Amino acid sequence: MCDIDRLNRIFYQLYQDDPIIVRAPGRINLIGEHTDYNNGFVLPAAIDKAVYVSISKRNDNKIFLHAEEYNENYIAHMDNLRQSKFHWSSYVLGVVEQLQKRNYQLTGFNIMVGGDVPVGAGMAASAAIECATVFALNELFELNISRLEMVKIAQKAEQEFVGLQCGIMDMFSSMYGKKGQVIKLDCRSLEYEYFPFEQDDVKIVLLDTSIKHSLASSEYNTRKKQCEEGVAMIQQHIPEVQSLRDATIEMLDKYVAQNKLIYNRCRFVIEEINRLLAACIDLQKNDINAFGKKMFATHKGLSKMYEVSCNELDIMVDLVKHNKAVIGARMMGGGFGGCTINIVREDAVEELIYDTREQYRERTGMNLNAYIASIEDGARLQKMPVSF
Ligand code: GAF
């Protein structure tokens, strides 16, 4: 939780102004990985770690940016937005660019980005910055943009300015999160429903490998292309198939089997979509053990067929998989580093973290950071300036 008075103070020292402050959370995803950009389903939730964006208007066309965590400053111009040497600035500027493309009227502004979503840990810190920025600009300039439109603007910012061809999951969960509920989102129709996720006797534990993933480093975009390649192969025979959401294993066996790599990528996605649908039924039946088994199966698929895991993530899942208190575990998010998500019996959490930390260090020489995530509400206005 961020101290709003402290943010106010720092902002005033920087810009001598009283900001609007917006909070947009990071996310977890229980199951349904790499399915969003294939028009499938996902099952994410917003968490108690969030980005805070503080913002005020300027009388010129400049954007003064400050990142609290790194104590870095940058000045951009509204009429000449480009990437800077500071990676974080792209998430803000990408949103401004999208608003301009849609003809929203903005002038210059001061902005400070802070919060406690660990960067590169697979909790969607970048989407949280984009969501907080678009939310804050919407308030500041009274643009009247709906939540769904803000989600789409944030996603496009990531795709066009940052260059990651991401799906909609991260932004959607940051905007639509609801306390105590996971979101079953149909990424094709954008229909969604909330499922209560009881956390009375189990906890969601995120075990961070300390390997900073760099999704934009092409592998993510490559996976997306490979899925599209599979769809194109099926389409030659069945033109109605628009995405892997419409495809079946039988279709793959028939039309994609000659290309083993593409086959494996597509097979994982189709299985994962089906696994998620079955996992939602487990949740409805309150069968958390069946749900957990599916998480392990997801990890295996991500590691062996989709090949987006890494040695450290595999070790992290390996270390907990025979522990009776661990109901389910898998890598979470885009992959190549970041966290595993673990559903753990509450009374065993402390011991599990302690033991795993020791063993992880022995096997990798790396530190393990652990977070217990609680499911919270999505983006919101945290504070208006006194004079607004
Ligand atoms: C990243 C992307 F941004 C999401 O859209 C999603 O594809 C996820 O990786 C994998 O499920 O977080």
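Here is a short report on the structure shown in this document. Remember, it's a predicted structure, so these values are computed and weren't measured experimentally. (Residues numbered from 1 in each chain as written. Predicted model: local features only at pLDDT ≥ 70, side-chain atom pairs only at ≥ 80, totals over all residues. Heavy atoms only, no water.)

### Side note on the packing of helix α3 (residues 125–140) against helix α4 (residues 147–162)
- Closest axis-to-axis distance for the α3/α4 pair is 9 Å, and the angle between their directions is 125°. Judged on the interaxial angle alone, α4 and α3 are oblique. Along this stretch, α3 crosses α4, giving a crossing that reads as right-handed. On the side of α3, the interface is formed by Ser126, Glu130, Cys131, Val134, Phe135 and Asn138, while α4 contributes Arg147, Met150, Ile153, Ala154, Ala157, Glu158 and Val162.
- Classifying every residue of the contact of α3 with α4 gives eight nonpolar, two polar and three charged. (Axes fitted to C-alpha atoms, helices over the stretch in contact; angles between N-to-C directions. Helix = DSSP H or I, 4+ residues; strand = E, 2+ residues; numbered from the N terminus. Parallel < 35°, antiparallel > 145°, perpendicular 65-115°, else oblique. Left-handed = near helix turned anticlockwise from the far one by under 90°. Contact = heavy atoms within 4.5 Å. Nonpolar A, V, L, I, M, F, W, Y, C, P; charged D, E, K, R; others polar.)

### Things to note about the environment of Val349
- As for its placement among the helices and strands, Val349 is situated in helix α11 (residues 349–364).
- Its relative accessible area of 6% is what places Val349 among the buried residues.
- With 300 residues separating them in the primary sequence, Val349 and Lys49 have C-alpha atoms 19 Å apart.
- What Val349 contacts, discounting residues up to four positions off in sequence, is Lys203, Val205, Val344 and Ile372. (Buried < 20%, exposed > 50% of the residue type's maximum accessible area, 1.4 Å probe, protein only.)

### Examining the sheet that holds strand β10 (residues 326–331)
- Across the sheet, which stays open at both edges, the four strands sit in the order β10-β11-β9-β12 with antiparallel pairing between neighbours. The outermost strands of the open sheet, each flanked by one partner alone, are β10 and β12 (369–373). With direction set aside, neighbouring strand axes in the sheet form an average angle of 20°.
- Note: strand β9 (residues 202–208) against β12, five bridges, orientation antiparallel. Residue pairing across strands places Val205 opposite Ile372, the latter belonging to β12.
- The strands touched by α11 are β9, β10, β11 (339–345) and β12; relative to β9, the strand with the most contacts, the crossing angle is about 15°. (Pairing = 2+ DSSP bridges.)

### Focus on the sheet that holds strand β8 (residues 192–196)
- One open sheet accounts for three strands, arranged β2-β7-β8; its pairing is antiparallel. In this open sheet, the two edge strands, each paired with only one partner strand, are β2 (41–42) and β8.
- Lying over the sheet, helix α5 (residues 169–176) contacts β2, β7 (181–186) and β8, oriented at roughly 135° with respect to β7.

### What about the side chain of Gln159?
- Looking at the element boundaries, Gln159 is found in helix α4.
- Polar contacts involving the side chain of Gln159 include one to the main-chain carbonyl oxygen of Cys166, which spans 2.9 Å.
- Contact partners of Gln159, with chain neighbours within four places excluded, come to Leu164, Gln165 and Cys166. (Polar contact = N/O pair within 3.5 Å; in protein donor to acceptor, adjacent residues only side chain to side chain.)

### A short note on the environment of Glu142
- Take Glu142: it is sitting in the loop between α3 and α4.
- Relative accessible area serves as the criterion here: at 61%, Glu142 is assigned to the exposed category.
- Placed 37 residues apart in sequence, Glu142 and Gln105 show a C-alpha to C-alpha distance of 9.7 Å.

### Considering the pattern of salt bridges
- Considering all chains together, one arrives at 20 salt bridges under this definition.
- Among the salt bridges present, the one from Arg188 reaches Asp246, with a minimum N-O distance of 2.6 Å. Here the residue Arg188 occupies a position in the loop between β7 and β8, and Asp246 occupies one in the loop between α6 (219–235) and α7 (249–255), the gap between them amounting to 58 residues.
- Exposure remark for Arg188: the relative accessible area of 44% places this residue in the partly exposed category.
- For Asp246, a relative accessible area of 24% translates into the label partly exposed. (Salt bridge = Lys/Arg side-chain N within 4 Å of Asp/Glu carboxyl O.)

### Some thoughts on the site of the ligand
- Lining the immediate surroundings of the ligand are 13 residues, of which Glu33, His34, Asp36, Asp170 and Tyr220 lie closest.
- A distance of 2.5 Å separates an oxygen atom of the ligand from a polar side-chain atom of Tyr220.
- Here Gly334 contributes a backbone N or O atom positioned 3.3 Å from an oxygen atom of the ligand.
- The protein chains hide 97% of the 300 Å² of surface that the ligand would expose on its own.
- Residues of the shell around the ligand, tallied by class, amount to five nonpolar, four polar and four charged. (Near = heavy atom within 4 Å. Areas by Shrake-Rupley, 256 points an atom, 1.4 Å probe, with all protein chains shown as cover.)

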